[in-house]
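# Chains, contacts and geometry: an overview
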Amino acid sequence: MKKRIITFLMTVVMALGISIPSFAANMPVGVVNVNAVVESYPGVKEIAASVNQEKARLQEEFNKQSANMSDKDKQELAAKLNKQLADFEAKKMGPVQRKIQKTILDVAKANNIDSVVNSNAMVAGGKDITNDVIKALK
């Protein structure tokens, strides 16, 4: 009896193992070059310039404040200023990232695509929707 149960369970596992990949193979996968989408986003160059200006300003602030500090204090100041820079960048880029994410999902849905991956992660196959995303963002 125990042998029959084990055989039955193994049969079920094997059947599911075979049917899941064949089912998944029929699901469309979209591919997006996220770097190309971000680079083509209207105003992204200005955002990058403002982030670089803020970075330069914070570097200058660090140089002035850390002149007579101990290494420990310098590390603390650097951590504080790095957090300020990260917050500034998130404030500037957050809305852009959310809009790009939403647009990718909208384009995928319009193309009956269930899954989308970054083109850097895809070795072969998939439907490239990069140009459709770029057009939708303009």
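Quick note: structure is the one above.
Overview of the structure.

The rules we used
The residue count restarts for each chain, going from 1 along the sequence in the order it is written. In keeping with the model being predicted, local features are shown solely for residues with a pLDDT of at least 70 and side-chain atom pairs are shown and tallied solely at 80 or more, while totals for entire chains, interfaces and linings include all residues. No hydrogens and no water enter the side-chain calculation; it runs on all heavy atoms of the structure. Secondary structure elements follow DSSP: runs of H or I of four or more residues count as helices, runs of E of two or more count as strands, with numbering from the N terminus. Expected helix span is computed as 1.5 Å times (number of residues minus one). A simple rule labels every residue: compare its accessible area, found with a 1.4 Å probe on the protein chains alone, to the largest value its type can have, and call it buried under 20%, exposed over 50%, or partly exposed in between. Any pair of residues with heavy atoms lying within 4.5 Å of one another is described as a contacting pair. Lines fitted to C-alpha atoms define the axes here, with helix axes fitted over just the stretch in contact, and angles between the N-to-C directions of these axes take values from 0 to 180 degrees. What sets the label is the angle itself: under 35 degrees gives roughly parallel, over 145 gives roughly antiparallel, 65 to 115 gives roughly perpendicular, and the rest give oblique. Crossing handedness is read from the near helix: turned anticlockwise from the far helix by less than a right angle, it gives a left-handed crossing, and turned clockwise, a right-handed one. Residues are grouped as follows: Ala, Val, Leu, Ile, Met, Phe, Trp, Tyr, Cys and Pro are nonpolar; Asp, Glu, Lys and Arg are charged; all remaining types, including Gly, are polar. Two strands are said to pair when DSSP picks up at least two bridges between them.

Moving on to helix 4 (residues 71-110). Between its first and last C-alpha atoms helix 4 spans 55 Å; for 40 residues at 1.5 Å apiece the expected length is 58 Å, and the two agree. Listed as buried for helix 4 are Leu77, Leu81, Leu85, Met93, Gly94, Val96, Ile100, Thr103, Ile104, Val107 and Ala108. Here the buried face of helix 4 lies against strand 1 (29-32), helix 2 (34-40), helix 3 (44-65), strand 2 (115-118) and helix 5 (130-137). Asn112 sits one or two positions beyond helix 4 and adopts a positive phi of about 55°.

This part covers the packing of helix 4 against helix 5. Following both chains from N to C, one finds helix 4 and helix 5 inclined at 120°, their axes separated by 9 Å at the closest point. Comparing their axes, helix 5 and helix 4 come out oblique. In the packing of helix 4 onto helix 5, the handedness of the crossing is right-handed. On the side of helix 4, the interface is formed by Lys99, Ile100, Thr103, Ile104 and Val107, while helix 5 contributes Asp132, Val133, Ala136 and Leu137. Each residue belonging to the contact of helix 4 with helix 5 can be placed in one class, and the counts come to six nonpolar, one polar and two charged.

Below, the discussion takes up the sheet that holds strand 2. In spatial order, the strands read 2-1-3; together these three strands make up an open sheet with parallel pairing. Edge positions in the open sheet fall to strand 2 and strand 3 (127-128), since each of these has one partner strand only. As defined by bridge partners, strand 1 adjoins strand 3 across two bridges and the pair is classed as parallel. Paired with Gly30 across the strands is Lys127, a residue of strand 3.

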